[in-house]
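# Tertiary structure, described
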Amino acid sequence: NWRELEKNQSLLDKKGKIISFTIIYSPPSGKENESPYYVGWIEMEDKTKEVMEIVDVEKEKVKKGASVWTCLRRVNVQGKKGLIEYGIKCRVVE
């Protein structure tokens, strides 16, 4: 979404830590093939807080206080040949 472009650019490639998280077992329509997945309350280095999906991680590494790094990932695909939407998610780093 072009309205969120500036915010997304400001979040890309930033460090933070997991304050709290949950596992989504019953996803909304369109994400059925992605469950379960993690969503976390993330505190960025500048002390701002964001809710983000946590990706590319093993179950035992998702915990409070874990360091994360924001990254660009696919969020949605509109139809078989449609527009691919990207957004900011985060991954746990050692």
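Rules of the game
Residues numbered from 1 in each chain as written. Predicted model: local features only at pLDDT ≥ 70, side-chain atom pairs only at ≥ 80, totals over all residues. Heavy atoms only, no water. Helix = DSSP H or I, 4+ residues; strand = E, 2+ residues; numbered from the N terminus. Buried < 20%, exposed > 50% of the residue type's maximum accessible area, 1.4 Å probe, protein only. Contact = heavy atoms within 4.5 Å. Polar contact = N/O pair within 3.5 Å; in protein donor to acceptor, adjacent residues only side chain to side chain. Pairing = 2+ DSSP bridges. Axes fitted to C-alpha atoms, helices over the stretch in contact; angles between N-to-C directions.

### Quick notes on the environment of Asp-56
Looking at where Asp-56 falls in the secondary structure, it is placed in the loop between β3 (49-55) and β4 (67-77). Taking the relative accessible area as the measure of exposure, Asp-56 reaches 55% and is therefore exposed. Dropping the residues within four chain positions of it, Asp-56 is found in contact with Arg-73 and Arg-91. For Asp-56, the side chain forms a polar contact with the side chain of Arg-73, separated by 2.4 Å.

### What about the sheet that holds strand β5 (residues 84-92)?
On the basis of which strands lie adjacent, the closed barrel formed by 5 strands has the order β1-β2-β3-β5-β4 and mixed pairing. Here the strands of the sheet are splayed against their neighbours by 45° on average, with no regard to which way each runs. Here β4 runs beside β5; their pairing, made up of 9 bridges, is antiparallel. Note that in β5 the partner of Arg-73 across the bridge is Gly-87.

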